[in-house]
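Single-letter residue listing:
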Amino acid sequence: MLGPTAHVDTFARDNLPPPEQQPDFLLAGFEYPDHINAAVELTDRLVELGFGDHTALIGNGRKRTYKELADWTNRIAHALIENYGVKPGNRVLIRSANNPAMVACWLAATKAGAVVVNTMPMLRAGELTKIVDKAQISLALCDTRLMDELVNCAKGSKFLEKVVGFDGTANHDAEIDRVALGKPVRFEAVKTGRDDVALLGFTSGTTGEPKATMHFHRDLLIIADGYAKEVLDVTPDDIFVGSPPLAFTFGLGGLAIFPLRFGASATLLEEASPQNMIDIIEEYKATVCFTAPTAYRVMLSAMEDGADLSSLRCAVSAGETLPAPIYKQWLEKTGKPMLDGIGATELLHIFISNRFDDSRPACTGKPVTGYEAVIVDENMQPVANGEVGRLAVRGPTGCRYLADKRQSDYVSDGWNLTGDSFTRDSDGFFHFAARSDDMIISSGYNIAGPEVEAALLSHDAVAECAVIGIPDEQRGQIVQAYVVLNGKADANDDTAKRLQDYVKEKIAPYKYPRSVVFTSDLPKTQTGKIQRFRLRTGKR
């Protein structure tokens, strides 16, 4: 039974999955008042607790204290309601790289009772249109340096009515900033219900058609009060750094919610290359890092060359499986275990993790407090220890897709089925085995093969194509495209490069095929269905 709502625009609650299709929610130990606004708990509440002068966010050449963050988000919230007509329950899209201004806009919209949709700056107009249409978004806030694709989206959109710019730099020289400067620093936040939807996290899934995962105000606090408190043991002295985009729930948790919940600080990088993270760690003495194994490999090499990363007390690895050699090298070099973990956009953040005092190489760990995990067969029956099966999870967070028939694929008998294959050993540790064949995970990014195929097929030189993921030492996997040309271009390196550049223009650049293989035909069934498994195994 859902608690009270403050939403006058009931779109989100109206489009929740029916109760019988939702997972079991295990909420013992995570009790919150009927009315709670997560953004208030991450800003104004910290000021009340005495952290007003403590640094909250660092980025783009400036620091912002908790008092400054609370005041600025209150000003923007006033602007959203008074100048842009935001009503509780309206969806507000935010487009930006990782910077303090993006966090401020997210918090302000949440205070105003909106349902926020954070999006990556690499998305193109066509991808943004799918999100806007799915969530019926009428207002978008955009870093003024990234307006073009969103403006193109709005031109043909039946939902997106207004795109408002904000200044992602250290200045306040954009439309909403100028409006907000004239607003009071005090704001009575909308008294949202703990079960009001606060965030829509979009995930591509295996089809390329976006799915919107729905997360309540309580969920945003649960991941901090659970994983961040239990596993990371966050204190106000911590300084966070990391590479995942704030548009991903992994990044939003690790680089915004976790530090702000406990009075800690977050450093935000628009270009979070391994070298940039190394520089930030050295400059600010960062203590907690969130990134993928590929970046940790670079950090290990940098330490060999003299980089001082000794301030890091916690290295969290997620997004792809952590190879045992990297775990062992990190432990040998730092004396501290690397914390491997697995999460999902559907469950908001990490639900199985190693601990500082209970970890093993090539192992994902044990369930976070509040979560249960089992390995099951196709009939949802538990399998024996050591046997590979499907990972099923339930806990205080879980999958709620926005009006999506794929809800019944992800949730079965009250359990979330993550699409991962795992084993469980006799000591209760979970070990990753494999991912769904259709999803390619490259440097922590989920890439849907059919979406890349669609982009390639729109090129006038491509007759047919099939996309798979192949192993890569640096990235875990890379996208490999098998392409049949139609005679309008030659099968050579120049054509491959032109196809790669074309895909980068059509969809987010990280999805482009790093390997292009030209072929005269593709393996197919008698009915004409492409047999991608034969491409993966090389048995064509």
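As a reminder, the structure under discussion sits directly above these lines.
None of these values were measured; they are calculated from a predicted model.

Caption draft 1: Examining the overall build of the chain more closely. Each helix and strand counted, the chain has 17 helices and 25 strands in total. The C-alpha atoms of the chain give a radius of gyration of 23 Å, which matches the 24 Å a tight globule of 540 residues would have. Judged by the C-alpha coordinates and their principal axes, the chain covers about 65 × 55 × 55 Å. For the chain, contacts bridging at least 24 residues in sequence account for 67% of all contacts bridging at least 6. Between the centroid of the 58 positive side chains of the chain and the centroid of its 71 negative side chains there is a distance of 3 Å.

Caption draft 2: Inspection of the sheet that holds strand S25 (residues 515–518) at higher detail. Pairing within the open sheet is mixed, and its 3 strands lie in the order S23-S24-S25. Of all strands in the sheet, those bounded by a partner on one side alone are strand S23 (462–472) and S25. Adjacent strand axes in the sheet meet at a mean angle of 25°, parallel and antiparallel pairs treated alike. Strands in contact with helix H15 (residues 449–457) are S23 and strand S24 (476–485); relative to S23, the strand with the most contacts, it is inclined by about 145°.

Caption draft 3: Examining the pattern of salt bridges more closely. Counted according to the given criterion, the structure contains 34 salt bridges. With a closest N to O distance of 2.6 Å, Asp71 and Lys67 form a salt bridge. With Asp71 and Lys67 both in helix H4 (residues 66–82) and 4 residues apart, the pair spans about one turn of that helix. With a closest N to O distance of 2.9 Å, Glu82 and Lys183 form a salt bridge. Note that Glu82 is positioned in helix H4 and Lys183 in the loop between helix H8 (175–180) and strand S7 (197–203), a separation of 101 residues in sequence. Within this structure, Glu41, Arg45, Glu48, Asp225 and Arg261 form a network of salt bridges that share partners.

Caption draft 4: Broad picture of the pairing of S25. Strand direction decides the pairing type here: S24 and S25, joined by 4 bridges, are parallel. The partner of Tyr482 across the bridge, within S25, is Val517. The parallel pair S24 and S25, bridged by helix H16 (residues 493–506), forms a crossover whose chirality is right-handed.

Caption draft 5: Geometry of the sheet that holds strand S10 (residues 265–267). Pairing in this open sheet of 9 strands is mixed, and the strands run S2-S1-S10-S9-S11-S12-S13-S14-S15 from one edge to the other. Pairing within the sheet leaves two strands with one partner each, and these edge strands are strand S2 (62–65) and strand S15 (366–367). In terms of strand pairing, strand S9 (residues 239–242) meets S10 through 2 bridges, oriented parallel. Along S10, the bridge assignment pairs Ile239 with Ser265. Here helix H10 (residues 249–261) sits on the sheet and contacts strand S1 (55–59), S9, S10, strand S11 (288–291) and strand S14 (350–353); the angle it forms with S9, its principal contact strand, is near 170°.

Caption draft 6: Here's a closer look at helix H5 (residues 100–111). Here H5 is 12 residues long and its end C-alpha atoms lie 16 Å apart, about the 16 Å a rise of 1.5 Å per residue gives. Between the side-chain oxygen at the start of H5 and the backbone nitrogen of Ala101 there is a gap of 3.2 Å, and the oxygen is on Asn99. Looking one or two residues beyond H5, the residue adopting positive phi is Gly113, at roughly 85°.

Caption draft 7: Representation of the packing of helix H6 (residues 125–135) against helix H7 (residues 147–155) in the model. The N-to-C vectors of H6 and H7 enclose an angle of 55°; their axes lie 8 Å apart at closest approach. Put simply, H6 runs oblique to H7. Our pair here, H6 against H7, has a crossing hand that is right-handed. Contact residues: Ala125, Leu128, Thr129 and Val132 in H6; Glu149, Leu150, Asn152 and Cys153 in H7. Tallied by class, the residues present in the contact of H6 with H7 amount to 5 nonpolar, 2 polar and 1 charged.

Caption draft 8: Examining unusual backbone geometry more closely. Residues other than glycine seldom take positive phi values, yet Asp233 does so here, at roughly 55°. Mapped onto the elements of the fold, Asp233 is located in the loop between helix H9 (217–232) and S9. Of note in the backbone geometry, Leu348 takes a positive phi value of approximately 80° without being a glycine. Tracing the backbone shows Leu348 in the loop between strand S13 (339–343) and S14.

Caption draft 9: Seen up close, the environment of Ala272. Of note, Ala272 is situated in the loop between S10 and helix H11 (274–284). Along the sequence, Ala272 and Asn98 sit 174 residues apart, while their C-alpha atoms lie 8.8 Å from each other. Not counting residues within four places of it along the chain, the set of residues in contact with Ala272 comprises Gly242, Ser243 and Met277.

Caption draft 10: Here's a closer look at the layout of surface pockets. There is about 380 Å³ of room inside the second largest pocket. As for the second largest pocket, its lining consists of 19 residues, of which Met1, Leu2, Leu27, Asp195 and Arg218 are closest to the centre. When its residues are assigned to classes, the lining of the second largest pocket shows 11 nonpolar, 2 polar and 6 charged.

Caption draft 11: Up close: helix H13 (residues 324–334). Among all positions of H13, only Ile326, Tyr327 and Trp330 are buried. The buried residues of H13 occupy an angular sector of 100° when projected down its axis, which confines them to one face. Looking at the buried positions of H13, the neighbouring elements they touch are helix H12 (293–304) and strand S12 (314–317). Phi turns positive one or two residues past the end of H13, at Gly335, with a value near 80°.

Caption draft 12: Quick peek at the packing of aromatic side chains. All told, the structure shown has 10 aromatic pairs when counted by the stated rule. When the centroid spacing of 5.2 Å and the interplanar angle of 70° are considered together, the rings of Tyr296 and Trp330 count as edge-to-face. Placement of Tyr296 in helix H12 and of Trp330 in helix H13 is noted, with a sequence separation of 34 residues between them. Relative to Tyr510, the ring of Tyr445 has its centre 4.2 Å away and its plane inclined at 25°; by these criteria the two rings are stacked. Note that Tyr445 is positioned in strand S22 (residues 445–448) and Tyr510 in the loop between H16 and S25, a separation of 65 residues in sequence. Take Tyr445: its relative accessible area is 21%, and that puts it in the partly exposed class.

Caption draft 13: Region of interest: the side chain of Gln531. Position of Gln531 among the secondary structure elements: in the loop between S25 and helix H17 (532–537). A relative accessible area of 15% places Gln531 in the buried class.

Caption draft 14: Examining the state of the cysteines more closely. Scanning the model with the defined rule gives 0 disulfides in all. Lacking any disulfide linkage, Cys153 is separated from the closest cysteine sulfur, that of Cys142, by 11 Å. What makes Cys153 buried here is its relative accessible area of 3%. As a non-bridged cysteine, Cys314 has Cys289 as the owner of its nearest cysteine sulfur, 8.9 Å distant.

Calculation notes
- Residues numbered from 1 in each chain as written.
- Predicted model: local features only at pLDDT ≥ 70, side-chain atom pairs only at ≥ 80, totals over all residues.
- Heavy atoms only, no water.
- Helix = DSSP H or I, 4+ residues; strand = E, 2+ residues; numbered from the N terminus.
- Rg over C-alpha atoms; globule rule 2.2 N^0.38 Å.
- Contact = heavy atoms within 4.5 Å.
- Lys, Arg positive; Asp, Glu negative; His and termini not counted.
- Charge placed at Lys NZ, Arg CZ, Asp CG, Glu CD.
- Pairing = 2+ DSSP bridges.
- Axes fitted to C-alpha atoms, helices over the stretch in contact; angles between N-to-C directions.
- Salt bridge = Lys/Arg side-chain N within 4 Å of Asp/Glu carboxyl O.
- Right-handed = clockwise from strand over helix to strand, strands pointing away.
- Expected span 1.5 Å × (residues − 1).
- Polar contact = N/O pair within 3.5 Å; in protein donor to acceptor, adjacent residues only side chain to side chain.
- Parallel < 35°, antiparallel > 145°, perpendicular 65-115°, else oblique.
- Left-handed = near helix turned anticlockwise from the far one by under 90°.
- Nonpolar A, V, L, I, M, F, W, Y, C, P; charged D, E, K, R; others polar.
- 1 Å grid on protein atoms, 1.4 Å probe; cavity = no way out; pocket = protein on both sides within 12 Å on 5 of 7 lines; lining within 4 Å.
- Points joined across faces, edges and corners; volume = space filled by probe spheres on them.
- Buried < 20%, exposed > 50% of the residue type's maximum accessible area, 1.4 Å probe, protein only.
- Arc of directions from axis to C-beta.
- Phe/Tyr/Trp six-rings, centres within 6.5 Å; stacked < 30°, edge-to-face > 60°.
- Disulfide = S-S within 2.5 Å.

Any link to function would need more than the numbers given here.
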